[in-house]
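Residues per chain are reported as follows:
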Amino acid sequence: MAAAGLVAGLVVACGPKDSAAGEAAVSGKPDKTSKPATATPAKSPDKPAKSPDSPAKTPGTPTTAPSPKPSGTAAGGAKALTCEQLRNASLDGGGLEGYGISGAALSAGRWEGADGVVIELQPQCAIGDITGDSAPDAVGALKISTGGTGKFYTLVTWRNDGGTPVPAAAAELGDRTPVVSIAFPSGGTPRQVTVVYRTRGDDDPAAVVTLTRTAVYEVSEPTMVELHHSDAPYTP
């Protein structure tokens with residue numbers, strides 16, 4: 001059932017890593033060193049009076065407000081990825097070695113190789129920081145067909161490289177194991193994502209699904225590592 005065994009021997013280059021740069025804040029507070037008191041000098045009588053036509057400063061006038069952060073911009077200034085971007089995202093590297101897709105990229109959510117391998121982006125997708133650099137990444141799923149009856153599902157993390165999705169890590173879910181949902185739970189543990197998919201018991205036929213599995217993953221490049229899972233019976 002492992003996808004890599006069907007296409008062994010194929011080599012692909014690894015995707016690049018990204019980094020998010022921030023700016024250090026500059027303190028505008030004066031030095032707190034105390035100074036000795038001095039007498040206030042008398043006002044010079046020949047000092048010109050303030051011009052009567054000078055506009056008076058209106059009390060309570062606010063200073064210039066900081067520009068609001070553009071929509072979709074995350075902490076640190078990195079623009080969040082979107083699920084729509086994955087439809088034309090790179091497939092080069094990031095644990096996808098073994099499928100013979102060096103230099104490949106999706107086009108409208110699909111890629112087809114000369115040897116009959118077809119890769120299709122699945123609709124399930126989630127946006128969140130799973131690589132730990134504060135730049136929101138994308139986690140999605142691919143269905144990979146190799147010409148036979150097998151339909152191999154693979155979970156993929158696309159790292160946020162300056163607003164561009166770059167494959168960073170992957171985990172094979174198995175043959176004919178469709179993904180139900182991918183989510184970063186609200187208030188959940190940072191750098192972890194929850195994936196729900198259909199699968200089967202070890203003794204069940206490969207052509208059926210009998211379980212709904214809820215699994216939690218984290219990234220350990222170039223793989224996504226399952227931390228734990230729970231199963232519930234499933235009847236189609």
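Up top is the structure.
Moving on to the pattern of salt bridges. What the rule picks out here adds up to 8 salt bridges. Put simply, Arg159 and Asp133 hold a salt bridge, and the shortest N to O gap is 3.5 Å. Placement of Arg159 in strand β4 (residues 151–161) and of Asp133 in the loop between β2 (118–128) and β3 (137–145) is noted, with a sequence separation of 26 residues between them. Asp133 sits in the buried class, given a relative accessible area of 17%. A salt bridge links Arg176 to Asp175; the nearest nitrogen and oxygen atoms lie 2.9 Å apart.

Here we take up the nonpolar core. By size, the foremost hydrophobic cluster in this structure holds 20 residues, and its most contacted members are Leu91, Ile101, Trp111, Ile119, Leu142 and Trp158. Of all the secondary-structure elements, those providing two or more residues to this core are β2, β3 and β4. If we ignore the near neighbours within four places in the chain, the residues touching Leu142 are Leu91, Leu96, Leu106, Ile119, Glu120, Leu121, Gln122, Phe152, Tyr153, Thr154, Val156 and Trp158. Core analysis: the next-biggest nonpolar cluster, separate from the first, contains 18 residues, Ala126, Val179, Val193 and Tyr197 among them.

What follows covers the environment of Tyr99. With respect to the secondary-structure elements, Tyr99 resides in the loop between α1 (3–6) and β1 (110–112). A residue is classified by how much of its surface remains accessible, and Tyr99, at 2% relative accessible area, is buried. Once the C-alpha coordinates of Tyr99 and Val118 are considered, the two residues, 19 residues apart in sequence, prove to be 9.8 Å apart.

Our focus in this paragraph is the environment of Glu226. Within the secondary structure, Glu226 sits in strand β9 (residues 223–233). Residues Glu226 and Ala215, spaced 11 residues apart in sequence, show a C-alpha to C-alpha distance of 6.7 Å. With residues up to four places along the chain from it excluded, the contact list for Glu226 reads Tyr197, Ala215, Val216 and Tyr217. A distance of 2.6 Å separates a polar atom in the side chain of Glu226 from a polar atom in the side chain of His229.

Our focus in this paragraph is the side chain of Asp137. Along the chain, the position of Asp137 falls in strand β3. Although buried, Asp137 forms no salt bridge, and the nearest oppositely charged side chain, Arg159, lies 5.7 Å from it. A polar atom in the side chain of Asp137 sits 3.0 Å from the backbone nitrogen of Ile130. In contact with Asp137, other than residues within four places in its own chain, are Leu81, Ala126, Ile127, Gly128, Asp129, Ile130, Thr131, Trp158, Arg159 and Asn160.

This part takes up the pairing of β2. Burial of β2 is extensive: 8 of the 11 residues sit out of reach of the surface. Bridge count for β1 against β2 is 3 bridges, and the pairing is antiparallel. Its bridge partner being in β2, Arg110 is matched across the sheet by Glu120. The hairpin formed by β1 and β2 contains 5 residues between the paired strands, and Gly116 there has a positive phi angle of roughly 95°. For β2 and β3, the ladder comprises 8 bridges, and the chain directions are antiparallel. Counterpart to Ala126 in the pairing with β3 is Val139.

A cis amide bond links Glu221 to the next residue, Pro222, at an omega of 10°. Despite not being glycine, Ser134 shows a phi value in the positive range, around 70°. Note on placement: Ser134 falls in the loop between β2 and β3. The phi torsion at Arg191 lies on the positive side, around 70°, for a residue other than glycine. Mapped onto the fold, Arg191 is located in the loop between β6 (179–183) and β7 (193–199). Judged by its relative accessible area of 39%, Arg191 falls in the partly exposed class.

About the cut-offs
- Residues numbered from 1 in each chain as written.
- Predicted model: local features only at pLDDT ≥ 70, side-chain atom pairs only at ≥ 80, totals over all residues.
- Heavy atoms only, no water.
- Salt bridge = Lys/Arg side-chain N within 4 Å of Asp/Glu carboxyl O.
- Helix = DSSP H or I, 4+ residues; strand = E, 2+ residues; numbered from the N terminus.
- Buried < 20%, exposed > 50% of the residue type's maximum accessible area, 1.4 Å probe, protein only.
- Core = buried A, V, L, I, M, F, W, Y, C linked by side-chain atoms within 4.5 Å.
- Contact = heavy atoms within 4.5 Å.
- Polar contact = N/O pair within 3.5 Å; in protein donor to acceptor, adjacent residues only side chain to side chain.
- Lys, Arg positive; Asp, Glu negative; His and termini not counted.
- Pairing = 2+ DSSP bridges.

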